[in-house]
Amino acid sequence: MKFLILALPTVPGTLEERERLRPIGRNTERYQQMLEELRKLVTIADEIGIDVFATTEHHFHSEGYECSVAPLLLYTDLAARTKRIKFAPLGLVLPSWDPIRCAEELAVFDQLTKGRLYAGFARGYQDRWVNVLGQQYHVTGAPMDGSYIDNHNRKVYEEVFEIILRAWTQETLEYDGTYYKVPFPYEEGIRRWPPAEWTRKYGAPGEIDEEGVIRRICVVPKPYQEPHPPLFQPFSVSEATIRFTARMGIVPWILVSYPPDFTNLCRVYQSVAAEHGRPGLKLGESVGAFRTFHFGETEEEAVRLLEQTNYFGFKVYFSGFGFWEAFRFPEDDEKYPRTPTYTPLPPEEWTLERMRKAKYALCGTPDQVKREVEALATIYGNDGELEWLGWYIDQGIMPWDEVERQLEYFAKHIVENFKG
């Protein structure tokens, strides 16, 4: 098994401090404290054998929660302080990016670190910033409800994704898309390029036509890894997403955690991958399970820590974006049907007990948590072999000394027993 740790990252502070120092996201002293915590976190993760460090990408978080601005800049700093751990945005929100610039910046990081990159891409669900940074494509945050907004966001995402892959794998690129064209203007080509003969002689073949017009571009550098960095996609809930990732050779990070539903999604991935040129995958291979871990000397101690950190974040923050839907049970469909109109879980169902019953929140004594991971590693007794296990760690919400203690538990009781 391989391990990933995800931090949001978060500017440290209690609720009282967040109110007193508002907006804490612009507080330089606290922001520097966050950077130091992330540096220590990644250094420890590198030493204990964690394979990948990841963050989200989000903007404008004045409250100090999910200050995930410019993840590639952050990773460059962290890579210089570590030896072997790799890095993954989970993920870069493609409808807010220029595809060529995204391909370039990821390739530069891959070259700088000689392959310490997994490329994770997402569609974007937070209107506050996606609406602003995605305005060139007229996209907004995607509610994932099959609406026009949702479908438009998905179409933009898929086009940007396709251009990035072409930029990485093709020596020269031309593209006549719905939202993006290369060159621009596409039909006319780029006619004002005085050093045309220089490019014709020394540039990539096909960039310049016989009249000196630019007809294709060459994106440099190419990635260090061949043919490109391996791909991640967060945080998968629907079967449609699992099918897409299986077709494209992407590792899905599955947020659905209830064992029968998680197992079913693993089977779907295995089946669709086989249909698209990857036969023979074991159940759980090329799949990531995303969980949170809280250890204590007693189960009660661990549950209190969960309640104060990860559960708190889901209840007051992530709930508004529909993430509790990942923790549904089959019996919920009678009270809260999904068809013909989707009925989400109401606030009274957003309980700590649901998180634990769904097997998203793995908490207790080290032996209790170890047994939970043993079941997950075999895809709950189905003779599977889970390839990736991800831990959403509560940096910035949890006091730093507690973060260190949790890392020690994880290293001793999980990494040492399950790392493959």
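Criteria and cut-off values
- Residues numbered from 1 in each chain as written.
- Predicted model: local features only at pLDDT ≥ 70, side-chain atom pairs only at ≥ 80, totals over all residues.
- Heavy atoms only, no water.
- Helix = DSSP H or I, 4+ residues; strand = E, 2+ residues; numbered from the N terminus.
- Rg over C-alpha atoms; globule rule 2.2 N^0.38 Å.
- Contact = heavy atoms within 4.5 Å.
- Areas by Shrake-Rupley, 256 points an atom, 1.4 Å probe, with all protein chains shown as cover.
- Lys, Arg positive; Asp, Glu negative; His and termini not counted.
- Charge placed at Lys NZ, Arg CZ, Asp CG, Glu CD.
- Buried < 20%, exposed > 50% of the residue type's maximum accessible area, 1.4 Å probe, protein only.
- Pairing = 2+ DSSP bridges.
- 1 Å grid on protein atoms, 1.4 Å probe; cavity = no way out; pocket = protein on both sides within 12 Å on 5 of 7 lines; lining within 4 Å.
- Points joined across faces, edges and corners; volume = space filled by probe spheres on them.
- Salt bridge = Lys/Arg side-chain N within 4 Å of Asp/Glu carboxyl O.
- Phe/Tyr/Trp six-rings, centres within 6.5 Å; stacked < 30°, edge-to-face > 60°.

A. View of the overall build of the protein. Check the secondary structure of the protein and you find 15 helices and twelve strands. Radius of gyration (C-alpha) of the protein: 22 Å, near the 22 Å computed for a compact globule of 420 residues. By sequence separation, contacts in the protein at least 24 residues apart represent 70% of the contacts at least 6 residues apart. Surface summary for the protein: the accessible area is close to 19,200 Å², and the carbon and sulfur share equals 52%. Separation of charge centres in the protein, based on 48 positive and 63 negative side chains, amounts to 2 Å.

B. Main features of the pairing of strand 1 (residues 2-7). Of all six residues in strand 1, five are buried; the element is thus mostly enclosed. With five bridges connecting them, strand 1 and strand 12 (residues 388-392) associate as parallel partners. From the neighbouring strand, Leu 6 faces strand 12, where its bridge partner is Tyr 392. Taken together, the four bridges between strand 1 and strand 2 (residues 52-55) define a ladder with parallel strand orientation.

C. Main features of the layout of surface pockets. Here the second largest pocket defines a volume of roughly 340 Å³. Around the second largest pocket, the lining comprises 14 residues; the ones closest to its centre are Leu 15, Arg 18, Glu 63, Tyr 65 and Tyr 317. Listing elements by their share of the lining of the second largest pocket, those giving two or more residues are helix 1 (15-20) and helix 11 (310-316). When residues of the lining of the second largest pocket are assigned to their parent elements, the largest contribution, three residues, is made by helix 1.

D. Inspection of the pattern of salt bridges at higher detail. Throughout the structure, instances matching the rule amount to 29 salt bridges. For Lys 2, the salt bridge is made with Glu 387, and the minimal N-O distance between the two is 2.7 Å. Here the residue Lys 2 occupies a position in strand 1, and Glu 387 occupies one in the loop between helix 14 (366-377) and strand 12, the gap between them amounting to 385 residues. A residue is classified by how much of its surface remains accessible, and Lys 2, at 24% relative accessible area, is partly exposed. Put simply, Asp 77 and Arg 81 hold a salt bridge, and the shortest N to O gap is 2.9 Å. Three or more residues are tied together by salt bridges with common partners; here these are Glu 36, Arg 39, Asp 77 and Arg 81.

E. Inspection of the packing of aromatic side chains at higher detail. Here the structure, examined in full by the defined rule, presents 38 aromatic pairs. Seen in terms of ring centroids, Phe 3 and Phe 410 are 5.7 Å apart; in terms of plane orientation they differ by 85°. Their pairing is edge-to-face. You can see Phe 3 sitting in strand 1 and its partner Phe 410 sitting in helix 15 (residues 400-418), a full 407 residues away along the chain. The pair Phe 3 / Phe 410 is uniform in exposure class, with both members buried. On the basis of an interplanar angle of 45° and a centroid distance of 5.2 Å, the ring pair of Phe 314 and Phe 318 is categorised as tilted. A relative accessible area of 3% places Phe 314 in the buried class.

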